[in-house]
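Structural description and commentary
Okay, here's what each chain looks like letter by letter:
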Amino acid sequence: MTPEAGIACKQLSPLTSQANIESSGATNSANNSNAFLHALAQCTVPASEFQLEGDYLLAGLFDIHHDSSTVQQDRPEAIDCSSKQFIPSSYRRFQLMRFSVEEINNSTKLLPNVSLGYEIFDHCSDIHNFPAILKLLSVDGLIQPWGDPHKNLSKVMAVVGTYSSTQALTVAPLFMMDLIPMVTYAATSSVLSRKQIFPSFLRTIHPNKDIIEVIFNIVQHFNWRWVAFLNNDDDYGNDGRDLFIKRIKDTEICLAYTKALKQHMNHSKMFKQIEAQRIGIIIVFVHEWTAEALIESAIQLNVTKKVWIAGDAWSLNKKLPKKKGIQNIGTVIGVSEPKMTIPGFGEFISSSKSQNYCENAEKNTFCNQVCNCSSLSAEEILAVDPSFNFPVYSAVHAIAHALHNALQCESGRCKGNITVHPHMVLAELKKSNFTLLNQSVTFDENGDPNFGSFSIVFWNQSGDAEEIGIYHFHPKFNFFINDTKIQWCLLHCVPQNVKKDMNKYYMDSTNAASIVKSVLQELISTKQLSGHQLANLPLPE
């Protein structure tokens, strides 16, 4: 079976085809040849950001674009990802993998006389990206699923990706057959921890159960009891919802409303139902593109006086906090990975964007190995949401350390007489124990990380995600929120009749006691005010 099989989309270079057409005219042939050579001279090798030659090959799967189509097809079809919605944060993660490989190749300590290469694909769809996967698994254009497991193996030593849980669940079984390690930086569904089903799957991001634990602790911290839970209608979101329901069992927290969301839907009915139940706390456990559609809809529908708890997939979103009207929706608190500077990455991006890559000059570009992102400046790339950056960085380094150990590298050299197979890299990955940017990288028996922590963030008035707390798993549990840093959106978050009472209080101090009492009773009865918030209520002296 060939990976192309009628669905590959190799692209003919527009530059080359145009040169060939015009060269048929004798009078213009010399000029066209000069123009063609001049254009090539402006290009920088390598021809594509998606490919790099090396002694050992890593695969990368990044959703640089996102296909939100729900159209069901009755036959296999490849997809042109470059025509879909561009995701800047994923493009940044894609660049971070390239940077990580370059950093390792320049190292004299890690894989000293060995070079890493990569084959990266824009994995924009849950179900339509199989040509890329088949190409990664093929040998000389062929796949022999019933062949000798230790012969005719793909050059791929390990896979970095995918982004979503559904993407991972779709393609992981194909890599599991040959025990090719798959190290995800963002897929968090619980089922991926089951080693009997996914024996060569690891991740550098905490699974959903840990993220839900942080969200649960935030709700508990503020004594909120009446909440809504909105989630993506997919493996990631539904798993998070189920874990939350299980976690709040036998507690005083009541899940008053839950809804599985799609990116393109009418939110009006949902918000009316939430309003009818007087729910003030909304947990939003969705991907960033779903969150953008939801919050923009909340602004347009004039949804106010809410507290929104953002999951780690969108809590560091750069677009929404600066959206006109965002302050009207209430207060946004989120869970995120700690913001971390990766030394050298900024310089790499600046250098990379100053080069003129000849993606269109590459005749043999395979499906979804083109981005058309040349208009993006280095500053724009570095300014986007940095979520899941360290997980990408640590995934590449974990694979490199595993390969380093499999090749028995020491004293500045790796042994050249060792034939490394993916299952050998997997064995070393499971034993990972190295330090990266002050983090001790190890995995548990399920392939989940024994390192890392979460930040608790608040979207402040400046439009920034300000860190207000931390949640440490390792080496010991530590949870803290600095309540005083939160500027509760009281002017927009209390009901209109309560605002009038507040105004009356400020104007008529003789009724102070009774009005304050009614205000507080209203806020507490509607579960919009907890004891922690009461301490920060801005009442006059």
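Before reading on, note that the structure itself is shown above.
All of these numbers come straight from a predicted model, not from anything done at the bench.

Bringing the state of the cysteines into the picture now. Across all of its chains, the model carries three disulfides by this definition. Across a sulfur-sulfur distance of 2.1 Å, Cys81 and Cys124 are joined as a disulfide pair. Between Cys81 and Cys124, the S-S torsion sits near -80°, and that sign places the bridge as left-handed. Placement of the pair is Cys81 in the loop between strand S3 (65-66) and strand S4 (85-86) and Cys124 in the loop between strand S5 (116-122) and helix H4 (130-137), with a sequence separation of 43 residues.

Let's shift gears to the pairing of strand S2 (residues 56-62). Within S2, seven of the seven residues are buried, which leaves it mostly tucked inside the rest of the structure. Burial along S2 is two-sided: Tyr56, Leu58, Gly60 and Phe62 facing one way and Leu57, Ala59 and Leu61 facing the other are all buried. The pairing of S2 with S5 spans seven bridges and is parallel. Across the sheet, the residue bridging to Leu61 is Phe121, located in S5. Strand direction decides the pairing type here: S2 and strand S6 (residues 156-160), joined by four bridges, are parallel. Among the inter-strand pairings, Leu58 is bridged to a residue of S6, identified as Ala158.

A few words now on the packing of aromatic side chains. All chains considered together, the criterion is met by 25 aromatic pairs. Taking the centre distance of 5.0 Å and the plane angle of 15° together, the rings of Phe62 and Tyr185 count as stacked. Of this pair, Phe62 sits in strand S2 while Tyr185 sits in the loop between strand S7 (182-184) and strand S8 (201-203), and the two are 123 residues apart along the sequence. With relative accessibility at 0%, the residue Tyr185 sits in the buried group. In textbook terms, an aromatic cluster arises when at least three aromatic residues are bridged by ring pairs, as seen for Phe50, Phe62, Phe86, Tyr91, Phe94 and Tyr185. We note Arg247 situated over the ring of Phe216; from NZ or CZ to the ring centre the distance is 3.8 Å.

Before going further, it helps to spend a moment on the packing of helix H3 (residues 88-105) against helix H12 (residues 389-406). Where H3 meets H12, the closest approach of the two axes is 9 Å, and the angle between their N-to-C directions is 35°. Seen along the crossing, H3 lies across H12 with a hand that is right-handed. For the pair formed by H3 and H12, the contact residues are Arg92, Arg93, Leu96, Met97, Phe99, Ser100, Val101, Glu103 and Ile104 on the first element and Asn389, Val392, Tyr393, Val396, His397 and Ala400 on the second. When the residues that make up the contact of H3 with H12 are grouped by side-chain class, the tally is nine nonpolar, three polar and three charged.

Structurally, the position occupied by Leu52 is in strand S1 (residues 51-52). Its relative accessible area of 28% is what places Leu52 among the partly exposed residues. The spatial distance from the C-alpha of Leu52 to the C-alpha of Ser115 is 10.0 Å, given a sequence separation of 63 residues. Dropping the residues within four chain positions of it, Leu52 is found in contact with Leu57, Val101, Asn105, Leu116, Gly117 and Tyr118.

Leu111, Trp224 and Leu407 are the most contacted members of the largest nonpolar core, which totals 96 residues. Counting residues in each nonpolar core, the second largest holds 28 residues, with Leu230, Val284, Leu294 and Val303 among its members.

Another aspect to go through is H12. With 18 residues, H12 should reach 26 Å at 1.5 Å per residue; the first-to-last C-alpha distance of 26 Å fits that figure. Gln408 occupies a position one or two residues after H12 and carries a positive phi of about 55°.

Moving on, we come to the sheet that holds strand S17 (residues 465-472). Across a sheet, strands are paired by hydrogen bonds formed along the backbone, either parallel or antiparallel in direction. Read across the sheet, eight strands follow the order S10-S9-S11-S12-S13-S16-S17-S18 without closing on themselves; strand pairing throughout is mixed. Two strands bound the open sheet, and with one partner strand each, they are strand S10 (254-261) and strand S18 (478-481). Taken pair by pair, the neighbouring strands of this sheet meet at an average axis angle of 20°, ignoring direction. In terms of strand pairing, strand S13 (residues 330-336) meets strand S16 (residues 453-459) through four bridges, oriented antiparallel. Across the sheet, the residue bridging to Ser336 is Ser455, located in S16. Seen against the sheet, helix H8 (residues 268-276) touches strand S9 (226-232), S10, strand S11 (281-285) and strand S12 (306-310) and runs at an angle of roughly 180° to S10. The strands touched by helix H9 (residues 288-300) are S9, S10, S11 and S12; relative to S12, the strand with the most contacts, the crossing angle is about 170°.

Conventions we followed
- Residues numbered from 1 in each chain as written.
- Predicted model: local features only at pLDDT ≥ 70, side-chain atom pairs only at ≥ 80, totals over all residues.
- Heavy atoms only, no water.
- Disulfide = S-S within 2.5 Å.
- Helix = DSSP H or I, 4+ residues; strand = E, 2+ residues; numbered from the N terminus.
- Buried < 20%, exposed > 50% of the residue type's maximum accessible area, 1.4 Å probe, protein only.
- Pairing = 2+ DSSP bridges.
- Phe/Tyr/Trp six-rings, centres within 6.5 Å; stacked < 30°, edge-to-face > 60°.
- Lys NZ or Arg CZ within 6 Å of the ring centre and 35° of its normal.
- Axes fitted to C-alpha atoms, helices over the stretch in contact; angles between N-to-C directions.
- Left-handed = near helix turned anticlockwise from the far one by under 90°.
- Contact = heavy atoms within 4.5 Å.
- Nonpolar A, V, L, I, M, F, W, Y, C, P; charged D, E, K, R; others polar.
- Core = buried A, V, L, I, M, F, W, Y, C linked by side-chain atoms within 4.5 Å.
- Expected span 1.5 Å × (residues − 1).

The quantities given are spatial measurements derived from coordinates; they are silent on function.
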